[in-house]
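Single-letter residue listing:
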Amino acid sequence: MWWLFSTPQALALVASTPDWRTERVRFDGQLYSSRWQRAGTAASNDRPPLLCLPPIGVGITRNFYNPLHREWAALGAPSDLHSPELLGNGDASPKPRRFYSPSVWAEQLLDYQRRSIGRPAILVVQGGLLPVALEMWRMAGAEAIAGVSLCSPPPLRFISPEAPEEKYVRGRFRGKPSAPGRLKQRAAWALSNSPAGALFFRYLGSGDGLPRIRSFSERNLFYSTEKVDDEWIQMCDYGSRDARSRFATFSYLAGTIPGGAWRDDRAALLSSLDVPCQVLRGGGIAGAEERLQALVASVPRPSCCELVPEGRAVLPYENARVTAELLARFLEANWGSSPSSS
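Calculation notes
Counting from 1, residues in each chain are numbered in the order their sequence is written. Local features in this predicted model are restricted to residues of pLDDT 70 or higher, and side-chain atom pairs are both shown and tallied only at a pLDDT of 80 or more, whereas totals for entire chains, interfaces and linings draw on every residue. Calculation of side-chain values draws on the structure's entire complement of heavy atoms; hydrogens and water are dropped beforehand. Burial here depends on accessible area, computed with a 1.4 Å probe over protein chains only, as a share of the maximum for the residue type. Under 20% is buried, over 50% is exposed, and the range in between is partly exposed. By the criteria applied, helices consist of DSSP H or I runs no shorter than four residues and strands consist of E runs no shorter than two, each listed in order from the N terminus. Here, strands pair whenever DSSP counts at least two bridges between them. With its strands directed away from the observer, a crossover is right-handed exactly when the path from the first strand over the helix to the second travels clockwise. pLDDT runs from 0 to 100 and stands for how confident the predictor is about each residue. The contact definition used throughout considers only heavy atoms, calling two residues in contact when any of these lie within 4.5 Å. By salt bridge we mean one thing: a side-chain nitrogen of Lys or Arg within 4 Å of a carboxyl oxygen of Asp or Glu.

S.K.: Summarise the pairing of strand β5 (residues 121-126); cite the residues concerned and give the values.
M.R.: The buried fraction of β5 is high, at 6 of 6 residues. On β5, burial covers both faces: Ala121, Leu123 and Val125 on one face and Ile122, Val124 and Gln126 on the other are all buried. Pairing of strand β3 (residues 50-53) with β5 involves 4 bridges; the strand directions are parallel. Within β5, the position partnered with Leu51 by the bridge is Leu123. Of the pairings in the sheet, the one linking β5 to strand β6 (residues 145-151) comprises 6 bridges and is parallel in character. Among the inter-strand pairings, Val124 is bridged to a residue of β6, identified as Ser149. With helix α5 (residues 130-140) bridging β5 and the parallel β6, this β-α-β connection has right-handed handedness.

S.K.: Describe the confidence of the model for the protein chain, with residues and values.
M.R.: For the protein chain, per-residue confidence averages 89 on the pLDDT scale, and 89% of positions sit at 70 or higher. Low confidence marks residues 338-342, where pLDDT is under 50. Its contacts with residues over four positions away, or in another chain, come to 5 contacts.

S.K.: Tell me about the pattern of salt bridges, and please be specific about residues and values.
M.R.: Tallied over the full model, the rule gives 13 salt bridges. Between Asp111 and Arg115 there is a salt bridge, with the nearest N and O atoms lying 3.0 Å from each other. In this pair, Asp111 and Arg115 are both assigned in helix α4 (residues 102-117), 4 residues apart and thus about one turn of the helix distant. Residue classification places Arg115 among the exposed positions, given a relative accessible area of 54%. Where Arg329 meets Glu306, a salt bridge forms, and the shortest distance between an N and an O atom there is 3.1 Å. One end of the pair, Arg329, is in helix α15 (residues 320-335); the other, Glu306, is in strand β8 (residues 306-308), with 23 residues separating them in the sequence. The exposure class assigned to Arg329 is partly exposed, which follows from its relative accessible area of 43%.

This is the structure in C-alpha cells:
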C-alpha cells in the first residue's frame, strides 16, 4: 500500500501540512507553553524567525496568534514562527501574586530567544506590548532582535510623555504621566489583590457566551463584529477560568495609568531601534493615517508600513491573512530569500 502515499497529490498534501509543535518551557520557577512553526523550506529557514508577543486582556492567551499561524502555513511558512505564552497567562503555571512590569516579560522572552531560537528574531508586537519590546531592545539590542513589526501600536504618548497629543485617542492614553501616577498604580494594584478584585475579574469572564468580553471586543477591538467568533470567545473563556491570571491583566491595567511603570519614558529606546521596523495599523479607526505617520516618523528604519483598511486593534487575529502577507513582504524586503548569502 506504500504506493498510495507516493502519488503527486499525496506528496503535495504532505508538503503543505504545517509543521507545528508545542513545547513546555521553564523560566523563573514557572512553566509555560509555546507553539513553534517551522519554516516551509531550507531557504526560508535562513531568514530570521518571528517571535510573537501576545496582547494582555481578560482571557487572552498565546492562542491569539492561532489564525496567524494558519495563514502563515498557507503562505508556505516563509520563516519560523514562535508564539510563547506570557508568564501569568493562559497555561503558564503557577501564577504567583506579583506585579508584571515590562521588564519581567522582556526577560522571559529574551530567555526564550536565547534557548529556544538561538539567533536574532523579528518581534511581532501586538498593541500595548510595545514597552516589552523596547525593554528587550534595551537589554539585548541587535544581538537578540533582527527587526520589529508593530501591529496596532499604542499612541506615541504611551511611551513618550512629551509627544504631541494625538486626536481621537482615548483619555486613558491621551493623558501625560504625572507625579501621583505611581501612587495610583499601587492603589489599583492593591485593589486587584483584594477579594473585590478577584470577584470583579470573575464577573468580567462570566455569563453565557461571555457577554461583557464580547461587548468590549466589539466596541473596542474589532472592525467587524462578525469576527468576534466562537474561537475568540472560547479562548477568552479558557484563559479567564483561572482567577490568578488577573495578576497579569491587572498589572497591565494598573501600570498603564499615566505615570505607571508601563508608561515610563521610552522615547529614546524607540529612536535607537536601529533595525528594520514595520508599523501596521488598522484603518478602521478615526485618525488612523495620522497615527501611523507619527510612529513611522519616530523609528530610524521604517519598512513596509501599511494601513489595513478593514482592521482595527487586533490585526493578527481579525486580519490574519493580510497580516501574514505583510509580514512576508517585510521579510522579503529586508532579508530576501537567503539572507545568509547576502
